[in-house]
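# Reading the structure
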There are 2 protein chains.
Amino acid sequence: VDVKPRDGHGQVVVIGGAEDWDGEAEILREFVRLAGGARARIGIIAAASETASEVAASYSGVFRRLGAAEAYDLKIVDRKDADGAEAVAAVGRASGVFFTGGNQVRITRMLGGTRLDTVLHKRHAEGLVLAGTSAGAAMMSAVMIVGGPPVSTLRAGVVELARGMEFIPGVLIDQHFEERGRLRRLLFAVAQHPDDIGLGVDENTAAVVSGHRLEVIGAGTVTVVDARHLTYTNLNELKADDLLAICGVKIHILPAGYRFDLRNREPVTGADTPAAEGVDI
Amino acid sequence: VDVKPRDGHGQVVVIGGAEDWDGEAEILREFVRLAGGARARIGIIAAASETASEVAASYSGVFRRLGAAEAYDLKIVDRKDADGAEAVAAVGRASGVFFTGGNQVRITRMLGGTRLDTVLHKRHAEGLVLAGTSAGAAMMSAVMIVGGPPVSTLRAGVVELARGMEFIPGVLIDQHFEERGRLRRLLFAVAQHPDDIGLGVDENTAAVVSGHRLEVIGAGTVTVVDARHLTYTNLNELKADDLLAICGVKIHILPAGYRFDLRNREPVTGADTPAAEGVDI
């Protein structure tokens, strides 16, 4: 990945879940590299998981195997932890912070508005690299998809939205995207927030977001859903059990190496597509 | 359904499979109605099925229960049958012909270029109503999707296309659409034929096509995929195991009552949307 933050923010690695960790571990390896490689100090937030310490220990082992100088559990299991001086200090010395999977609402409930929330945003603006997988990916946006059936005929009210941690403004993220057939769920969310760009991230795949650019890495694709110019939706007249109608949505399906400009809402094509290595944007 | 053929052709009821037949049987009932209701004479072509006579007998019972005057098996189990005078005569006295599910290639192999093929097109142009479910829906187009994994990361070569029966020009049809997660498969097909409009029909749902208009009936939705203005695809450079990239595809998701103009490539919105009853287009 050669997307470089222009505005001083660290990259955000948005992983669609089920990333390889015992083989090549391409995505986690890239996260470690972005966080400094052999100098990387990775803090792990497993708040989403009900078995937080086990999950954090596993990731800690992986990140060390991948060459990080340090990898440590931030030990966030309630809001008190997230308001504690220890967590703040741990983020202070991290070059990267990783959010595990689990339940995204657990993350926002434990972290939202705490000192940890504040320091994460502050340090991220100074270059701290963030990554999250599955639930840890979903909460990266300002509006977050909480639930909804995986394969659905999209009846009214099936997609629950909540406030996310807002590390990436202007997007809506869904994960396990192709594997769980979530396009319609993402469409439902985007219909309600047509100014936000929907990002559907497949398993073992990531969108590496840097400022207003993203680049895809990993085994699958990122589906970009752009509903800004939607021509029709019945969203506002939907009654219970009604089906969503939505017309004129633009989609882009991007495998590894492809880039997308979240500001222009267009893929970055031309000389540096596909998979242009070494092009500095 | 109030879409009326302008050009003399009968309607084509494109069913996404698994249509209700023992309950309300809304879709099959509508087909019988379009074919003349109490005066309907329904010919059944079960060529797609390996248990053709059993399947035809079941549908025959349903169509009679739904009030058709007659419902009879055309008994097409090989090309000889499809070239026989009996089948031609049976189509001659039908007001509607129904294609069952099974394997779409069995239909095109048995019927393609036969006298039955010719008389079906001739009578359809004179008003014969057609319907097909699942495989019987897939073969309605000129280019037909034969196979490909249901949930796929869309590697090169996974979607097989063949020649269909071409009862509906300018479209590509996929069925069991949401249930089997087939959007990417349809995208792959449409990327190869961007002038054709992709129609993804959910189970127990139908697109009733009449000239250049379609209307959706049934429980699910029809997903319309329009790739005419696609901005980028790597289709022509794909190597084995490469993933498809496709950008700038427009989609429309239409539940029952919604209409789409295949010529303008736009949903029919305005006063008669949604589900405007009694509006004659």
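Residues numbered from 1 in each chain as written. Chains lettered and ligands numbered in written order. Predicted model: local features only at pLDDT ≥ 70, side-chain atom pairs only at ≥ 80, totals over all residues. Heavy atoms only, no water.

## Some details on the relation of the copies chain A and chain B
You can overlay chain A on chain B at an RMSD of 0.0 Å; the transform is a turn of 180° with a shift of 0.0 Å along its axis. Read as a symmetry element, the transformation amounts to a two-fold axis. Using C-alpha coordinates, one finds that chain A approaches the rotation axis most closely at K250 of chain A, a distance of 2.2 Å. Both copies share a contact surface, since 97% of the interface residues of chain A are interface residues in chain B too. (Least-squares fit on C-alpha atoms with pLDDT ≥ 70 in both. Contact = heavy atoms within 4.5 Å.)

## What about the layout of surface pockets?
Residues and elements named next belong to chain B. Estimates place the volume of the largest pocket at around 310 Å³. Around the largest pocket, the lining comprises 21 residues; the ones closest to its centre are F167, I168, P169, V209 and G211. Elements that contribute at least two residues to the lining of the largest pocket include exactly α6 (115-125) and β10 (205-210). Looking at the lining of the largest pocket, its residues break down into eight nonpolar, eight polar and five charged. (1 Å grid on protein atoms, 1.4 Å probe; cavity = no way out; pocket = protein on both sides within 12 Å on 5 of 7 lines; lining within 4 Å. Points joined across faces, edges and corners; volume = space filled by probe spheres on them. Helix = DSSP H or I, 4+ residues; strand = E, 2+ residues; numbered from the N terminus. Nonpolar A, V, L, I, M, F, W, Y, C, P; charged D, E, K, R; others polar.)

## Structural notes on helix α8 (residues 183-192) of chain A
The periodicity of an α-helix, 3.6 residues per turn, causes residues three or four positions apart to be oriented the same way. Burial of α8 of chain A is extensive: nine of the ten residues sit out of reach of the surface. Every buried residue of α8 of chain A is listed here: L183, R184, R185, L186, L187, F188, A189, V190 and A191 of chain A. (Buried < 20%, exposed > 50% of the residue type's maximum accessible area, 1.4 Å probe, protein only.)

## Topic: empty space enclosed by the protein
Enumeration according to the criterion identifies three cavities of 30 Å³ or more in this entry. Of the voids in this model, the largest cavity is the one considered here, and its volume is about 190 Å³. Around the largest cavity, the lining is made up of 15 residues, and of these E178 and L183 of chain A together with E178, G181 and L183 of chain B lie nearest the centre. For the lining of the largest cavity, the secondary structure elements donating two or more residues are α8 of chain A together with α8 (183-192) of chain B. Residue composition of the lining of the largest cavity, grouped by class: five nonpolar, four polar and six charged.

## Things to note about the sheet that holds strand β10 (residues 205-210) of chain A
Residue and element names in this part refer to chain A. Read across the open sheet, the nine strands follow the order β3-β2-β4-β5-β1-β10-β11-β15-β16; overall the sheet is mixed. Each end of this open sheet is capped by a strand with a single partner; those strands are β3 (70-73) and β16 (266-267). Across four bridges, strand β4 (residues 96-99) lies against strand β5 (residues 129-133) in parallel orientation. Bridging from a neighbouring strand, G96 pairs with V129 of β5. Set on the sheet, helix α2 (residues 52-65) makes contact with β2 (41-45), β3, β4 and β5; between it and β3 the angle comes to about 175°. (Pairing = 2+ DSSP bridges. Axes fitted to C-alpha atoms, helices over the stretch in contact; angles between N-to-C directions.)

## Structural notes on the interface of chain A and chain B
Opposite the 37 residues of chain A that make contact, chain B presents 36 residues. Three residues stand out in chain A for area buried against chain B, namely E178, R184 and I253 of chain A, and they jointly supply 23% of the buried area on that side. Across the pair E178 of chain A and R184 of chain B runs a salt bridge, and its minimum N-O distance is 2.9 Å. Where chain A packs against chain B, one counts 18 residue pairs in polar contact (both at pLDDT 80 or more). Residue contributions to the side of chain A that touches chain B peak at ten residues, all from strand β14 (residues 246-255) of chain A. Considered class by class, the residues forming the side of chain A that touches chain B number 19 nonpolar, twelve polar and six charged. (Buried area = accessible area lost by both parts, 1.4 Å probe. Salt bridge = Lys/Arg side-chain N within 4 Å of Asp/Glu carboxyl O. Polar contact = N/O pair within 3.5 Å; in protein donor to acceptor, adjacent residues only side chain to side chain.)

## Considerations on the packing of aromatic side chains
Residues and elements named next belong to chain A. One pass over the structure, following the stated rule, counts 14 aromatic pairs over all chains. Consider the rings of Y59 and F98, whose centres lie 4.5 Å apart with planes at 40°: the pair is tilted. With a gap of 39 residues between them, Y59 in helix α2 and F98 in strand β4 connect regions that are remote in the sequence. Through successive ring pairs, a cluster of aromatic residues spans F31, Y59, F63 and F98. (Phe/Tyr/Trp six-rings, centres within 6.5 Å; stacked < 30°, edge-to-face > 60°.)

## As for the packing of helix α4 (residues 85-92) of chain B against α6 of chain B
How two helices pack is summed up by the angle between their axes together with the distance between the axes. Residues and elements named next belong to chain B. At a minimum axis separation of 9 Å, α4 and α6 run at an interaxial angle of 10°. Considering their axes alone, α4 and α6 lie roughly parallel with respect to each other. When α4 is examined against α6, the residues A85, A87, V88, V91 and G92 are found in contact with a partner set consisting of R115, L116, V119, L120 and R123. Looking at side-chain class alone, the contact of α4 with α6 contains seven nonpolar, one polar and two charged residues. (Parallel < 35°, antiparallel > 145°, perpendicular 65-115°, else oblique.)

## Topic: the sheet that holds strand β5 (residues 129-133) of chain B
Pairing between the strands of a sheet is mediated by backbone hydrogen bonds and can be parallel or antiparallel. Strands sit in the order β3-β2-β4-β5-β1-β10-β11-β15-β16 (chain B) across an open sheet of nine strands; the sheet is mixed. In this open sheet, the two strands that pair with only one neighbour each are β3 (70-73) and β16 (266-267) of chain B.

## Points about the confidence of the model for chain A
Residues and elements named next belong to chain A. Overall, the predicted model of chain A reaches an average pLDDT of 91, with 90% of residues at or above 70. Across residues 275-281, where pLDDT falls below 50, the model places 18 contacts with residues more than four positions away in sequence or in other chains. For this predicted complex, the interface score ipTM comes out at 0.88, alongside a pTM of 0.91. (pLDDT = per-residue confidence, 0-100.)

## Describing the pairing of strand β6 (residues 143-147) of chain B
Residues and elements named next belong to chain B. With five of its five residues buried, β6 lies for the most part within the structure. Taken together, the four bridges between β6 and strand β7 (residues 160-163) define a ladder with antiparallel strand orientation. By the bridge assignment for β7, V143 is matched with R163.

## Brief notes about the environment of V77 of chain B
Residues and elements named next belong to chain B. Position of V77 relative to the elements: it lies in the loop between β3 and α3 (79-82). On the accessibility criterion, V77 (52% relative accessible area) is exposed. Linking V77 and A47, residues 30 residues apart in sequence, is a C-alpha distance of 5.6 Å. Once residues lying within four places of it in the same chain are set aside, the contact partners of V77 are A52 and M110.

## With respect to the side chain of H124 of chain A
Residues and elements named next belong to chain A. On the secondary structure map, H124 appears in helix α6 (residues 115-125). On the basis of relative accessibility, which here comes to 3%, the residue H124 falls in the buried class. Here L128 takes part through its backbone oxygen, which lies 2.9 Å from a polar atom of the side chain of H124. In this structure H124 touches G8, H9, G10, Q11, V12, L130 and F167, once residues within four positions along its chain are discounted.

## Topic: the pattern of salt bridges
All names here are of chain A. Under the definition given, this model contains 24 salt bridges over all chains. Between E215 and R259 there is a salt bridge, with the nearest N and O atoms lying 3.0 Å from each other. Here E215 is found in strand β11 (residues 213-218), whereas its partner R259 is found in strand β15 (residues 259-261), with 44 residues between them in sequence. Taken individually, E215 and R259 each receive the classification buried, so the pair is uniform in this respect.

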